[in-house]
Amino acid sequence: MHDLRALRADPAAFDAALARRGEEAVADRVVRLDEDRRAAVTALQEKQARRKSLSREIATLRRAGDDTTDLEAEGTRLRDEMEGLEIQSRELDAEIRDILVVLPNRLDASVPDGADEAGNVVVHQVGQRREFSFEPREHYALGEALGLMDFETASKLSGARFVVLRGALARMERALGQFMLDLHTQENGYTETVVPVLVNEAAMFGTDKLPKFADQSFRTEDGRWLIPTAEVPLTASVSGDILPAASLPRRLVALSSCFRSEAGAAGRDTRGMLRQHQFQKVEMVSITTAEDSDAEHERMTRCAETVLERLDIPYRRMLLCAGDTGFGAAKTFDLEAWLPGQQAWREISSCSTTRDFQARRMNARVRPADGGAPVFAHTLNGSGLAVGRTLIAVMENYQNADGTITVPQALRPYMGGLDVIRAA
């Protein structure tokens, strides 16, 4: 949600900021609607004041036995006019809200211009790509040959974009989630949290998933939503709260199942596990102050990078351009892992600061240490990491000529000491 006062103060700057995302100018329209709304509110207040005064006059005249017919008629007319102004004010307020809630967040000044992912900027690259003496295979070819990755059975059960994992690959997916949680809780200062995977509409709206992304999420018949990421319940856990500044930052992490309809993804990554309706993800969320949010963004991104470094997966950090930055984000760093089977860099984590965009939608505020008036919190979210995509990265980077997969050293304690995954 956007700050209406800031829009009123500088409509041209508001339009210019959103033009970077390809949005049309709306500030003048919003300002006109807001002027009409405020005029209606002012008129309503004036009529309320007149009606109170009128009530006192009528009471005085009645005590004196004088005629109050004309004043009572004026009171009735005022009541009707007040009802009309209340309706007008509500309608204008709703119209302004409907415009603002579908507008994306304003971008940080450091975000580069660009229409799509081609405009993203490499911040740094870490790790050496492995040289193979054979043609590396993609993860699904490896998994199916091992008898441990089954898309056919998953399709029979649920349709396209699902998978059944078995044996050592199922254990490795579990091991990856546990490894990430241990790293983030024991070394990175996050509090492990178990969250519902069904949330209400307010939680989805507050975290900017509604109304914009309704077609990309699954909804139950009773009106609840399957979470597209644990960002939703973790962030919405502070909705409506006033948090003491001394209690921040609040850092939360959860391993959860995530659900996405992948609307608009027809024909993209149809083979394998890269783009699925259901997947596991470790999600990090931070609630902090405006003063600390930039530093927290860098810290969160480093926490995600550490996972890849411990697994010895080559990766690069990308600063997303204006056209590729997500709806709610002011600035996003993507981490892309090198996949030898695809011979491509693929996103494995996305770490974003939303500044106060989400906090305004869910009314999450901070009480300053000096006791001043509450201000909106800043919220951040990041994958730490997407478990299924990390499994893909491990499989492709650690594959051997005979089709086996070497288990990274960091995962072996979680795999009962297993060092190589072989055919079932």
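From a predicted model like this one, the values you see are computed outputs, not experimental measurements.

Right, let's get into the side chain of Thr301. The topology assignment puts Thr301 in helix α10 (residues 293-311). A polar atom in the side chain of Thr301 sits 2.9 Å from the backbone oxygen of His297.

In the case of a regular strand, side chains alternate between the two sheet surfaces. Extensive coverage of strand β9 (residues 278-288) is indicated by the burial of nine of its eleven residues. Sheet analysis places β9 next to strand β15 (residues 378-386), joined by seven bridges and oriented antiparallel. The residue of β15 that forms the bridge with Thr288 is His378.

Assignment of secondary structure puts Ala245 in the loop between β7 (242-244) and β8 (250-259). Not counting residues up to four positions away in its chain, the partners in contact with Ala245 are Val366, Arg367, Pro368 and Ala369.

Right, let's get into the domain arrangement of the protein chain. Domain boundaries in the protein chain define domain 1 (4-102) and domain 2 (117-421). Inter-centroid distance (C-alpha atoms) of domain 1 to domain 2 is 45 Å. Taken together, the two surfaces of domain 1 and domain 2 that pack against each other cover about 610 Å², and 48% of this comes from carbon and sulfur. Its largest share of buried area at the contact with domain 2, domain 1 owes to Arg21, Val101 and Val102, together 72% of the area lost on that side. Counting across the domain 1 and domain 2 interface gives zero salt bridges. A per-class count over the side of domain 1 that touches domain 2 returns two nonpolar, no polar and three charged.

What follows deals with the environment of Ser257. With respect to the helices and strands, Ser257 occurs in strand β8. It is 29 Å that separates the C-alpha atoms of Ser257 and Asp294, two residues lying 37 residues apart in sequence. Polar contacts involving the side chain of Ser257 include one to the side chain of Gln280, which spans 2.6 Å.

Let's shift gears to the sheet that holds strand β4 (residues 191-192). In spatial order, the strands read β1-β10-β11-β12-β15-β9-β8-β4; together these eight strands make up an open sheet with mixed pairing. Since the sheet does not close on itself, it has two edges, and those belong to β1 (121-126) and β4, each with one partner. In this sheet, strand β12 (residues 344-353) lies alongside strand β11 (residues 331-339) in antiparallel orientation, the contact comprising nine bridges. The partner of Phe333 across the bridge, within β12, is Cys351. Across the face of the sheet, helix α7 (residues 167-186) comes into contact with β4, β8, β9 and β15 while running at roughly 165° to β8. Against the sheet, α10 contacts β1, β8, β9, β10 (315-319), β11, β12 and β15, and its axis sits at roughly 5° relative to β15.

Structurally, the position occupied by His184 is in helix α7. You can call His184 buried: its relative accessible area is 0%.

Let us now look at the packing of aromatic side chains. Counted according to the given criterion, the structure contains five aromatic pairs. Seen from their ring centres, Phe179 and Tyr414 are 6.1 Å apart, and the 75° between their planes marks the pair as edge-to-face. Here Phe179, found in helix α7, pairs with Tyr414, found in the loop between β16 (405-406) and β17 (420-421); they are 235 residues apart in sequence, far enough to count as distant. Since its relative accessible area comes to 7%, Phe179 is described here as buried. Judged by centre distance (5.8 Å) and plane angle (75°), the ring pair of Phe327 and Phe357 falls under edge-to-face. With Phe327 in the loop between β10 and β11 and Phe357 in helix α11 (residues 357-362), this residue pair connects regions lying 30 residues apart in the sequence.

Calculation rules
- Sequence positions are assigned chain by chain, starting from 1 and proceeding in written order.
- Selection of residues for local features in this predicted model requires a pLDDT of at least 70, selection of side-chain atom pairs for listing and counting requires 80 or more, and totals for whole chains, interfaces and linings are taken over all residues.
- Each side-chain value is worked out from all heavy atoms of the structure, with water and hydrogens disregarded.
- Labels follow the DSSP assignment, with helices taken as runs of H or I lasting at least four residues and strands as runs of E lasting at least two, numbered in each case from the N terminus.
- Polar contact is defined as a pair of N or O atoms within 3.5 Å, subject to the rule that within protein one atom must be able to donate a hydrogen and the other to accept it, and that residues adjacent in sequence are counted only when both atoms are side-chain atoms.
- Burial here depends on accessible area, computed with a 1.4 Å probe over protein chains only, as a share of the maximum for the residue type. Under 20% is buried, over 50% is exposed, and the range in between is partly exposed.
- Pairing between strands is defined by DSSP: at least two bridges between the two strands are required.
- Contacts are assigned to residue pairs with any non-hydrogen atoms lying within 4.5 Å of each other.
- The split into domains, and so the bounds of each, comes from an automatic or database assignment of domains.
- Buried area is a sum: the accessible area each of two parts loses on coming together, probed at 1.4 Å, counted once for each and added.
- The salt bridge criterion pairs a side-chain nitrogen of Lys or Arg with a carboxyl oxygen of Asp or Glu, the two atoms within 4 Å.
- Under this grouping Gly is polar, as are all residues other than the nonpolar Ala, Val, Leu, Ile, Met, Phe, Trp, Tyr, Cys and Pro and the charged Asp, Glu, Lys and Arg.
- To get an axis, fit a line to the C-alpha atoms, keeping to the stretch in contact for a helix; angles then go from 0 to 180 degrees between the N-to-C directions.
- A pair of aromatic rings is counted whenever rings of Phe, Tyr or Trp (Trp by its six-membered ring) have centres within 6.5 Å, and the orientation is called stacked for planes under 30 degrees apart, edge-to-face for over 60 and tilted otherwise.

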